[in-house]
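# Examining the three-dimensional arrangement
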Amino acid sequence: MQLYNSLSHTKEEFIPNEAGKVSLYTCGPTVYHYAHIGNLRTYMMEDILDRYLRYAGYRVTRVMNITDVGHLTSDADTGEDKMLKGAKREHKSVMEIAKFYTDCFFDDCRKLNIRRPEVVQPATGCVEDFIKVISSLLEKGYAYLAGGNVYFDTSKLKQYYVFHNFEEEDLAVGVREGVEEDGNKRNKADFVLWFTKSKFDDQELKWESPWGLGYPGWHIECSCISMKYLGEKLDIHCGGIDNAFPHHTNEIAQSEAYLGHKWCNYWFHVLHLNTTTGKMSKSSGEFLTLSLLEQKGYDPMVYRFFCLQSHYRKSLVFSFENLDNAKTAYAKLLARIAQLSEDGAVDQAAFEAQKANFVKALDNDLNTSLAVTAVYDVLKLPAGGATKLALLREFDSVLQLNLLEGAKALQNAPTGEPAADDGFAREIEAQIEARRAAKAAKNYAEADRIRSELAARGVTLIDTKDGTTYRVEPR
Ligand code: AMP
Ligand code: ZN
């Protein structure tokens, strides 16, 4: 598989550290607000990477942090903690909003078929690990104390700017525009590992440390959480492109200083979702959420379909006109699939030939738009329904567009028109399919979890000899 690596600025053959196994780390959300659909684009494209690696036969372990402390409103370490700002906005405690927005995030992920990583670790649960690594960086001379805070000394590195050849002066006026400099820093690019002092003394969560009562910087969380669960050598680290600097640059600096060797081999960055006026961002306060799209009548699968039609390394402009086009195309696609029936046997030669096209598309740096084209190519085949349905099932195990469940929901709708609660029906069908797969894999705990989750939402599953149906209980 060829994967673009932001470190080398080229597509490279993906070779994991250990044959057959992949360690994958994802920067998780800062849970001070709803995720916007730009954030969700990043998580969806990372999901395709995760699923495709599994499809290709790798045993993947994926870890994601939840940023519930330390992410400041400015990159120059002088801003307020975003979590505290969010808590003040809502007159709640930091932990209350962290729980609320973490749950909302995973609700969105479930609706978009984004697989939950094996490990999801809130930063507040790992403070001891951060203190251990920061202490070691101080001992090794890579960090210093100034004005009550611990800073990483970037001048100790041979090369700090690993992703881009930034000039210090460019940074002063570019990335950190309008931000006052922290006078404690020995070098402009130095960053805080541990705060005991900031302008914002009302920081809600603080911990005892060898340097006084305080809280960790944002960057140290991802290094430590990754190393804690995935060891000293990481295969792939993911995030949105805005994370490349300073966040990922700082992660590399401190991890490699601590370990004394190379840490992560491949850096996977997803380009932004932009509005017609610029980047979609939480801090601007004006952003679109998945719930808002749903309220406007868009099935979350339409948004997934919209995103998969473009490459993750191209920025994507969102407009309702573009989303409407995706909605129409997705509905037509489901309608065509709904006309297929399981007639005849699967033509193995045709199956393998089409599968090869699909694999070729994703092997080429996850070209999802060509993978979607491969779906349309299946429909044009001279083969029978059984072959086409087998191929669509195969492709959708990676794409996760609910193609078969969606088509089935259409077949079951009383008229040819999609039912009003079509998205809901499709989601239930997808859950039923996931439960069937879990049972087939003898993962009964997961099968039970799905049944209970649906029951909590008022959906009772009925197992019959011909498969599983469901009943929606009156509320
Ligand atoms: P945050 O919750 O702000 O920490 O961001 C979560 C993820 O979304 C990170 O990987 C960011 O790089 C990514 N991200 C932020 N803004 C956008 C955007 N407009 N489009 C795509 N990804 C984004
Ligand atoms: Zn991170």
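Right above here is the structure, for reference.
### Side note on empty space enclosed by the protein
Applying the stated criterion to the full structure yields three cavities of 30 Å³ or more. Along the walls of the largest cavity sit Gly-70, His-71, Leu-72, Ser-74, Asp-75, Asp-77, Val-192, Phe-195, Gly-217, Trp-218, His-219 and Pro-246, which together make up its complete lining. The set of elements that each furnish at least two residues to the lining of the largest cavity consists of strand E8 (191–195) and helix H6 (218–230). When its residues are assigned to classes, the lining of the largest cavity shows five nonpolar, five polar and two charged.

### Quick look at the packing of aromatic side chains
Going through the model one piece at a time under the given rule, you end up with 26 aromatic pairs. A network of ring pairs unites the aromatic residues Tyr-298, Tyr-303, Phe-306, Phe-318 and Phe-320 as a single cluster. Taking the ring centre of Tyr-258 as reference, the NZ or CZ of Lys-140 above it sits at 5.3 Å. The ring of Tyr-298 has Lys-327 lying over it, and the distance from NZ or CZ to the ring centre is 5.0 Å.

### Describing the site of ligand 1
Surveying the vicinity of ligand 1 reveals 17 residues, the closest of which are Thr-30, Thr-42, Asp-242, Leu-273 and Lys-282. Between ligand 1 and the protein, one listed contact pairs an oxygen atom with a side-chain N or O atom of Asn-39 at 3.0 Å. Protein chains shield 95% of the accessible area of ligand 1, which is 480 Å² for the free molecule. More than half of the atoms belonging to ligand 1 lie within 2 Å of the grid points that define the second largest pocket. Here the shell around ligand 1 takes four residues from helix H1 (residues 37–55), the largest share from any one element. In terms of residue class, the shell around ligand 1 is made up of four nonpolar, ten polar and three charged.

### Some details on the coordination of the zinc ion (ligand 2)
In the first shell of the zinc ion (ligand 2), the protein supplies Cys-27 (SG), Cys-222 (SG) and His-247 (NE2), at 2.0 to 2.2 Å from the metal. Counting residues between consecutive donors of the zinc ion (ligand 2) along the chain gives the motif C-x194-C-x24-H. With Cys-27 in the loop between strand E3 (21–26) and H1 and His-247 in helix H7 (residues 244–259), this residue pair connects regions lying 220 residues apart in the sequence. Take Cys-27: its relative accessible area is 5%, and that puts it in the buried class.

### Topic: the packing of helix H2 (residues 82–90) against helix H3 (residues 94–111)
Relative to each other, H2 and H3 sit at 95°, their axes nearing to 9 Å. With respect to H3, the axis of H2 lies roughly perpendicular. On H3, the residues touching Met-83, Leu-84, Gly-86, Ala-87, Arg-89 and Glu-90 of H2 are Val-94, Ile-97, Ala-98 and Tyr-101. Looking at the contact of H2 with H3 residue by residue, the class counts come to seven nonpolar, one polar and two charged.

### Brief notes about the sheet that holds strand E12 (residues 273–275)
With respect to topology, three strands assemble into an open sheet ordered E13-E12-E14, the strand pairing being mixed. Both edges of this open sheet fall to strand E13 (278–279) and strand E14 (316–317), since each of them pairs with a single strand only. Inspection of the sheet shows E12 paired to E14 by two bridges, in the parallel sense. Bridge pairing links Asn-274 to Val-317 in E14.

### Observations concerning the sheet that holds E3
The sheet built from five strands is open, its strands ordered E5-E4-E3-E10-E11 with parallel pairing. Edge positions in the sheet fall to strand E5 (119–122) and strand E11 (264–270), since each has one partner strand and no second. Across the sheet, the mean angle separating the axes of adjacent strands is 20° when strand polarity is ignored. As paired elements, E3 and strand E4 (residues 59–66) share six bridges and run parallel to each other. Bridging across to E4, Ser-23 finds its partner in Thr-61. The sheet strands contacting H7 are strand E10 (234–240) and E11, and the helix crosses E11 at an angle near 170°.

### Notes on helix H9 (residues 300–308)
Within H9, nine of the nine residues are buried, which leaves it mostly tucked inside the rest of the structure. Within H9 the residues assigned to the buried category are Pro-300, Met-301, Val-302, Tyr-303, Arg-304, Phe-305, Phe-306, Cys-307 and Leu-308. You can read the cap of H9 off the contacts: a side-chain oxygen lies 2.9 Å from the backbone nitrogen of Met-301, and it is on Asp-299.

### Overview of the environment of Asp-153
With respect to the helices and strands, the residue Asp-153 is situated in the loop between strand E7 (149–152) and helix H5 (168–173). Assessed through its relative accessible area of 2%, Asp-153 is described here as buried. Separated by 201 residues in sequence, Asp-153 and Gln-354 have C-alpha atoms that sit 53 Å apart. Filtering out sequence-adjacent residues up to four positions away, Asp-153 remains in contact with Tyr-142, Ala-143, Tyr-144, Arg-186, Asn-187 and Asp-190. In terms of polar contacts, Asp-153 uses its side chain to reach the side chain of Asn-187, at 2.9 Å.

Reading the values: the criteria
- Residues numbered from 1 in each chain as written.
- Chains lettered and ligands numbered in written order.
- Predicted model: local features only at pLDDT ≥ 70, side-chain atom pairs only at ≥ 80, totals over all residues.
- Heavy atoms only, no water.
- 1 Å grid on protein atoms, 1.4 Å probe; cavity = no way out; pocket = protein on both sides within 12 Å on 5 of 7 lines; lining within 4 Å.
- Points joined across faces, edges and corners; volume = space filled by probe spheres on them.
- Helix = DSSP H or I, 4+ residues; strand = E, 2+ residues; numbered from the N terminus.
- Nonpolar A, V, L, I, M, F, W, Y, C, P; charged D, E, K, R; others polar.
- Phe/Tyr/Trp six-rings, centres within 6.5 Å; stacked < 30°, edge-to-face > 60°.
- Lys NZ or Arg CZ within 6 Å of the ring centre and 35° of its normal.
- Near = heavy atom within 4 Å.
- Polar contact = N/O pair within 3.5 Å; in protein donor to acceptor, adjacent residues only side chain to side chain.
- Areas by Shrake-Rupley, 256 points an atom, 1.4 Å probe, with all protein chains shown as cover.
- Sits in = over half its atoms within 2 Å of the grid points.
- Donors = N, O, S within 2.8 Å, 3.2 Å for Na, K, Ca; no water.
- Buried < 20%, exposed > 50% of the residue type's maximum accessible area, 1.4 Å probe, protein only.
- Axes fitted to C-alpha atoms, helices over the stretch in contact; angles between N-to-C directions.
- Parallel < 35°, antiparallel > 145°, perpendicular 65-115°, else oblique.
- Contact = heavy atoms within 4.5 Å.
- Pairing = 2+ DSSP bridges.

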